[in-house]
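Observations on the model geometry
Residue-level listing of the chains:
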Amino acid sequence: MNIEQQITTLRNELREHNYNYYVLDNPTISDFEFDQKLKQLQELEKAHPEFYDANSPTLRVGGEITKNFETVPHTYRMYSLDNSYSKEDLEDWEKRIEKAVDGKVEFTCELKYDGASISLTYENGKLKKAITRGDGFQGDDVTANVKTIRSIPLQLKGDYPPLFDIRGEIVLPFEGFAKMNAERVEAGEEPYRNPRNTASGSLKLQDSAEVAKRPLDCLLYSIVGEKLPIKTQFESLEKARQWGFKVPEAAKLAKNLDEVLEFVNYWDVHRHELPYETDGVVVKVNNLQQQEELGYTAKSPRWAMAYKFKAEQVSTVLNQITYQVGRTGAITPVANLEPVELAGTIVKRASLHNADQIAKLDIREGDTVFVEKGGEIIPKIIGVDFTQRDPSSGPTEYITECPECGTTLVRNDGEAQHYCPNTEGCPPQIIGRVQHFISRKAMDIEGLGGETVALLVNNGLINNYADLYLLKEEQIIPLERMAQKSAENMIKGIEASKEIPFERVLFALGIRYVGETVAKKLAKHYKTIDALRNASEEELTTVDEIGERIAQSVVSFFASEENIAIIERLKSYGVQLEISAEKLANQTDTLKGNTFVVSGVFTKVSRDELKKLIEDNGGKVSSSISSKTNYVVAGDNMGPSKKTKAESLGVAIISEDDFLQMIS
Ligand code: AMP
Ligand code: ZN
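Structure report, in brief. All of these numbers come straight from a predicted model, not from anything done at the bench. Throughout, residues of each chain are indexed from 1 in the direction in which the sequence is written. Each chain gets a letter, beginning with A, and each ligand a number, beginning with 1, in the order they are written. In keeping with the model being predicted, local features are shown solely for residues with a pLDDT of at least 70 and side-chain atom pairs are shown and tallied solely at 80 or more, while totals for entire chains, interfaces and linings include all residues. Side-chain metrics in this entry use all non-hydrogen atoms of the structure; hydrogen atoms and water are not considered.

1. A word on the site of ligand 1
Put simply, a residue is near a molecule or strand once any heavy atom of it comes within 4 Å of that molecule or strand. Near ligand 1, the surroundings consist of 13 residues, among which E110, R133, E169, Y221 and K284 are the closest. Pairing of N or O atoms within 3.5 Å defines a polar contact, subject to two protein rules: one partner must be a possible hydrogen donor and the other a possible acceptor, and residues neighboring in sequence count only if both atoms are side-chain atoms. One of the side-chain nitrogen or oxygen atoms of R133 is found 2.4 Å away from an oxygen atom of ligand 1. In the model, an oxygen atom of ligand 1 is placed 3.2 Å from a nitrogen or oxygen of the Y221 side chain. Per-residue and other accessible areas follow the Shrake-Rupley method at a 1.4 Å probe size, with only the shown protein chains counted as cover for residues. Protein burial of ligand 1: of its 490 Å² of free accessible surface, 84% is covered by the chains. Elements are defined by DSSP. Helices are runs of H or I of four residues or more, strands are runs of E of two residues or more, and each kind is numbered from the N terminus. Elements supplying a minimum of two residues to the shell around ligand 1: β3 (107–113) and β10 (278–285).

Here it is in structure tokens:
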């Protein structure tokens, strides 16, 4: 097999495996084997840029940066749907239809997925464009981001038409959403409120590699185009499945309205078992000829109707409002409810978000409140049953002091949350920070768990994470449920954490908004904690993906004398506070066998740094372009003669970002 055939074979195999895994949910090879093949393809593609394919499975990992999303028109308008809320509404609709068309009318019933709508254009079986709904006439081109969603085919199979658009919904399944939130909370960030907004927010991220990390899925339901080989909506779902799209099985051909209602009633109950959010059913006239006869109103098709499920709601008594203090000092008011069943689960607590929310709804202890499970994962209180209110009750007075340490709370301008400013002395903050420090993705200290941390703090043995390194076995053994062996293991685990690399230590420090990815970026850029500490806010924001909010947080972290003292202590104990010389020396082979020519001016790294990066990663730098050159890294103002030469020799011209992606 020649190289081109090898590449094609690998691409086809990977496509099939992607399809088995993400569309059929039925993988036939192990993740490891998959990764091996992907790596092999990546290497071949890197060595042979002449076989580039904009739809290669290797592009699933993203890397393309979109600074501004271009607004583009939809070839076919994306309409809204009319809503109905009852059987009677649906019956009225059916009557209107029967008056307007001849013959028997059948319906396709589908679920109404709650995500971000998307229109995908396929030309000759390849994904050409992905456009958000926008105002229905035009939307944003988010193709680079959408290509990272594994269940969206980049190359179709079967007898697909040469050109068509397919519409669907990009959703974030509950499980992935919960995982993303757990990670955010760990990084001291506010959790996302609901999967729908997070899904649509994801589509507008600038770095497609970030989008690739999000567990997005895409469910498709409608094909539009000219001269399509399709006669009914139900058939089009079947066809889309055959071409490789993920089309949910929960769809039904209904002969009459009674059968539609059966579908509605079934899913009203069973939708809670689905892995993603739905908020209703969409009923569509099945026959496309009849659809055409019915046409559109100014906003929506006459041949389709959304039936909205009622958000499940119950009322119960709010026993007490308590307040939680997080690792960053943020106060969250919590409603402790008389337990009640809602959408299949027992609800005992609901978040009240903040003081404004309590005041707005005038929520008081002892009230009977309405609790709803809508789009949000955590049930929310949507109002008070004022008929049940004790007339002698008074408005809730929000706490002014920290429930844990008594310090007067503060609330910054423009922020909804109150904070306990006693960072150094407030027990849940101290405990939370140490718990974060030792957690698996941070220092990963074996032999020490979250509860033990609380025990150590409450017994006055530690006050911050630096204190961990001074612990002695004799101090630990007398603690509850501690024995010689467990104390030994703990000390061993703490000792071993001195080998944890700088980027993870940086994450472990618990600087607000510095999550895992940001910590990596900062560590790579600054290399030592001292360099990072000396960076100004302006400097920080020039680092890729570091915004003002993160920069401010970093600067204010290092402005604290206590933090500096702790860092100096960590240093003296031997914790890694810079990228180790070994790691710096331990250069990669990523670019081995490739010769680069650097031309122009760069924005993220200097020319010299760029050359160093090439060499550090095993590549060669050459000053002139020849047939031996593999890549030209082109910055601004690249010389025109160089450009012509590269093009005539078929040398790949890549941007600074492409290059950084290659070695990242
Ligand atoms: P609305 O935004 O309430 O007017 O509802 C219309 C939107 O519902 C469409 O733009 C789609 O994004 C979404 N939708 C979700 N599931 C379906 C489906 N099965 N068929 C049609 N539209 C759907
Ligand atoms: Zn406090």
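2. Here we look at the coordination of the zinc ion (ligand 2)
In this analysis a donor is any N, O or S atom within 2.8 Å of a metal ion (3.2 Å for sodium, potassium and calcium), and since water is not included, sites may seem incomplete. The protein atoms that coordinate the zinc ion (ligand 2) are C402 (SG), C405 (SG), C420 (SG) and C426 (SG), at distances spanning 2.2 to 2.3 Å. A site with four donors is called tetrahedral when every donor-metal-donor angle falls between 85 and 135 degrees; four donors are called square planar, and six octahedral, when opposite donors sit more than 155 degrees apart and all other angles fall between 65 and 115; any other arrangement is irregular. Coordination geometry of the zinc ion (ligand 2): the 4 donor atoms subtend angles of 101 to 113 degrees at the metal centre, consistent with an arrangement described as tetrahedral. A relative accessible area of 27% places C405 in the partly exposed class. We call a residue buried when its accessible area falls under 20% of the maximum for its residue type, exposed when it is over 50%, and partly exposed in between, using a 1.4 Å probe and counting protein chains only.

3. Some points on the pattern of salt bridges
By definition here, a salt bridge exists when the distance from a side-chain nitrogen of Lys or Arg to a carboxyl oxygen of Asp or Glu is within 4 Å. Under the counting rule described, the total for this entry stands at 34 salt bridges. Between D53 and R15 there is a salt bridge; the shortest N-O distance is 3.7 Å. In this pair, D53 sits in the loop between α2 (31–47) and β1 (71–73) while R15 sits in helix α1 (residues 3–23), placing the two residues 38 residues apart along the sequence. The partner of D367 in a salt bridge is R389, with the nearest N and O atoms 2.6 Å apart. Remark: R389 occurs in the loop between β16 (380–384) and α12 (427–438) and D367 occurs in the loop between α11 (355–361) and β15 (368–373); sequence separation between them is 22 residues.

4. Topic: the sheet that holds strand β7 (residues 163–171)
One open sheet holds the 4 strands; their spatial order is β5-β4-β7-β8, and the pairing between them is antiparallel. The open sheet has two edge strands, β5 (126–132) and β8 (217–224), and neither has a second partner. If you compare each strand with its neighbour and ignore which way they point, the axes differ by 30 degrees on average. Examined bridge by bridge, strand β4 (residues 116–123) and β5 share 6 bridges and lie antiparallel to one another. Looking across to β5, one finds that T121 is bridged to K129. Here, strands pair whenever DSSP counts at least two bridges between them. Lines are fitted to the C-alpha atoms to define the axes, a helix being fitted only along its stretch in contact, and any angle between axes, read from their N-to-C directions, falls within 0 to 180 degrees.

5. Some details on the packing of α1 against α2
Here α1 crosses α2 at 145 degrees, and the two axes come no closer than 10 Å. When the axes of α1 and α2 are compared, the crossing they make is left-handed. Between α1, through I3, Q6, I7, L10, R11, E13, L14, H17, N18 and Y21, and α2, the contact on the second element is made entirely by D31, F34, K37, L38, Q40, L41, L44 and E45. Think of it as three bins: nonpolar holds Ala, Val, Leu, Ile, Met, Phe, Trp, Tyr, Cys and Pro, charged holds Asp, Glu, Lys and Arg, and polar takes everything else, Gly as well. Broken down by class, the residue content of the contact of α1 with α2 amounts to 9 nonpolar, 4 polar and 5 charged. Each helix crossing is assigned a hand: it is left-handed if the near helix lies turned anticlockwise from the far helix by less than a right angle, otherwise right-handed if that turn is clockwise. The criterion used for residue contact is that any of the two residues' heavy atoms lie within 4.5 Å.

6. Description of helix α6 (residues 195–203)
Turning to α6, its buried residues number three or more, namely P195, T198, A199, S202 and L203. Buried positions in α6, seen along its axis, are confined to an arc of 140 degrees and lie on one side of it. Lining the buried residues of α6 we find β4, β5, α4 (143–146), β7, α5 (174–186) and α7 (208–213). Arc definition: it is the arc formed by the directions from the helix axis to the C-beta atoms.

7. Remarks on the sheet that holds strand β20 (residues 652–655)
Within a sheet, adjacent strands bond to each other through the backbone by hydrogen bonds, running parallel or antiparallel. Taken in spatial order, the 4 strands of this open sheet run β18-β17-β19-β20, and their pairing is parallel. The open sheet has two edge strands, β18 (620–622) and β20, and neither has a second partner. Neighbour-to-neighbour, the strand axes of this sheet turn through a mean angle of 35 degrees, independent of strand direction. By the bridge criterion, 3 bridges tie strand β17 (residues 595–599) to β18 in an arrangement that is parallel. Looking at the pairing, V597 lines up with S622 of β18. Where helix α23 (residues 607–616) meets the sheet, it contacts β17, β18 and β19 (631–634), and its direction lies at approximately 175 degrees from that of β17.

8. Overview of the pairing of β20
In regular strands, side chains alternate between the two faces of the sheet. Covered by surrounding structure in β20 are A652 and I654 only, the residues I653 and S655 on the alternate face being uncovered. Pairing of β19 with β20, which is carried by 4 bridges, proceeds in the parallel orientation. Each bridged residue has a counterpart across the sheet, and for V632 the counterpart in β20 is I653. At this point the chain moves from β19, through helix α24 (residues 640–649), to the parallel β20, and the crossover so formed is right-handed. For the handedness criterion, the strands are oriented away from the viewer, and a crossover whose path from the first strand over the helix to the second runs clockwise is classed as right-handed.

9. Thoughts on the packing of aromatic side chains
A pair of aromatic rings is counted whenever rings of Phe, Tyr or Trp (Trp by its six-membered ring) have centres within 6.5 Å, and the orientation is called stacked for planes under 30 degrees apart, edge-to-face for over 60 and tilted otherwise. Counted according to the given criterion, the structure contains 20 aromatic pairs. With a centroid separation of 4.4 Å and an interplanar angle of 10 degrees, the aromatic rings of F437 and Y465 are classed as stacked. With F437 in helix α12 and Y465 in the loop between α13 (450–458) and α14 (473–476), this pair connects stretches of sequence that are 28 residues apart. According to the relative accessible area criterion, F437 is buried, its value standing at 0%. Taken together, the aromatic side chains of Y122, F164, W243 and F245 make up a single cluster linked through ring pairs. Positioned above the aromatic ring of Y192, the side-chain terminus of R184 is 3.9 Å from the ring centre. To sit over a ring, a charge needs its Lys NZ or Arg CZ within 6 Å of the ring centre and within 35 degrees of the ring normal.

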